[in-house]
Each structure stands twice: as C-alpha cells, then as structure tokens.
Amino acid sequence: PAYHYTIAALLKAIGVYSIDLARFSSLLICIPIIPFLYLTSKTLKFPQNDYRTLIFLACPIVLPFFPLLYTDIPASMLAALTLLLTVRKQYFLAGLAGALAIATRQPNLVWVAFCGAYVFFDYVNQQGFRSLLNYKNREHWLTLLKVLPYFAVCVIAAAIFYFRNI
C-alpha cells in the first residue's frame, strides 16, 4: 500500500485526480530502474552493460507494466537500488532502500537478505575465510557487525510485520 499511497499523495499535492495522470506519475517514478540496473551492471564490471539493460526492458512482463499502477516495477526498482547501493558499499542507504522495497512489496525481503549475504561473502572473499575463524582477530567480526545490521533491521521488521498480521 505504500506505493499507492505515494501516488495518491502526489495527485493530491497537484490537485488533479486522473487515472491517466496517476499512470504517468507511476511511469516517471519507475524510470530510474533503467539507470539503476545499468549502474549495477557497470559497478559489478559485467561485460555488455547496455545489452544487459536492454534485455531487462525487452522482458514481456516489464515494458507493458511501466505505465500501470501495479507495484511490480516500483518494487523491482527499489530492489535494484538496494543492490546498486550494496555493491557500491553505501550500506546505510542500501538498508533504507531495502526497507522501502519491502514496504512496497513484501517478497523483496528475499532481495534484502540477498544483499546482506552479498556483503558477508564479499567480505569473506576479500579477507579470507580463515581470518573469520580466528577468534583472536575481532576486527573482522566488528567490521561485519557494523555493516550487516542495516540489512538485518529490514528483515526483522518484515518478520514482525508478518507475524503481527497473520
């Protein structure tokens, strides 16, 4: 409901109530998914970034839904933003984007958890797994404990929401 509330608040602020304007507003809000996916691909140093982004747009369920008021595209946009911020090591902002992604569509919880796992395994890849097993070296664990709560808070909040509304 957060996304629909945002569209309704935008229309109320403008003072015009039209389904066409709501769809156009939705389209404008969702357009950033294109640069988010491109920049994520570029940051991860994948080859053919342009081609990968165009493949996403050519997906049959993406392009037709852009102007509609469904939450699929905005939720995907927020998940892509969460991933982009995660790979750029902007973890606080990634946690905020992840919280918004979960508020838009609860299944995005999986993507936020994935981003937390990405941070963990990226750190293990850089430092080596043996360094984590060394209990005398607390610096590694403290570094992870400073970063992972941004993602854990999103997962815990979603779990609380879920169990309170069963």
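Attention here is on the structure that accompanies the text. (Residues numbered from 1 in each chain as written. Predicted model: local features only at pLDDT ≥ 70, side-chain atom pairs only at ≥ 80, totals over all residues. Heavy atoms only, no water.)

### Regarding the environment of alanine 22
No. 1: Looking at where alanine 22 falls in the secondary structure, it is placed in helix H2 (residues 19-30).
No. 2: Along the backbone, alanine 22 and leucine 10 are 12 residues apart, and their C-alpha atoms lie at a distance of 8.5 Å. (Helix = DSSP H or I, 4+ residues; strand = E, 2+ residues; numbered from the N terminus.)

### Side note on helix H5 (residues 72-87)
No. 1: With 16 residues, H5 should reach 22 Å at 1.5 Å per residue; the first-to-last C-alpha distance of 23 Å fits that figure.
No. 2: Among the 16 residues in H5, 13 count as buried, and that is most of the element. (Expected span 1.5 Å × (residues − 1). Buried < 20%, exposed > 50% of the residue type's maximum accessible area, 1.4 Å probe, protein only.)

### Regarding unusual backbone geometry
No. 1: With a phi close to 55°, glutamine 48 is a non-glycine residue in the positive phi region.
No. 2: Along the chain, glutamine 48 turns up in the loop between helix H3 (33-43) and helix H4 (49-58).
No. 3: Owing to a relative accessible area of 57%, glutamine 48 belongs among the exposed residues under this scheme.
No. 4: Positive phi outside glycine occurs at lysine 89, with the angle close to 65°.
No. 5: Looking at where lysine 89 falls in the secondary structure, it is placed in the loop between H5 and helix H6 (91-104).

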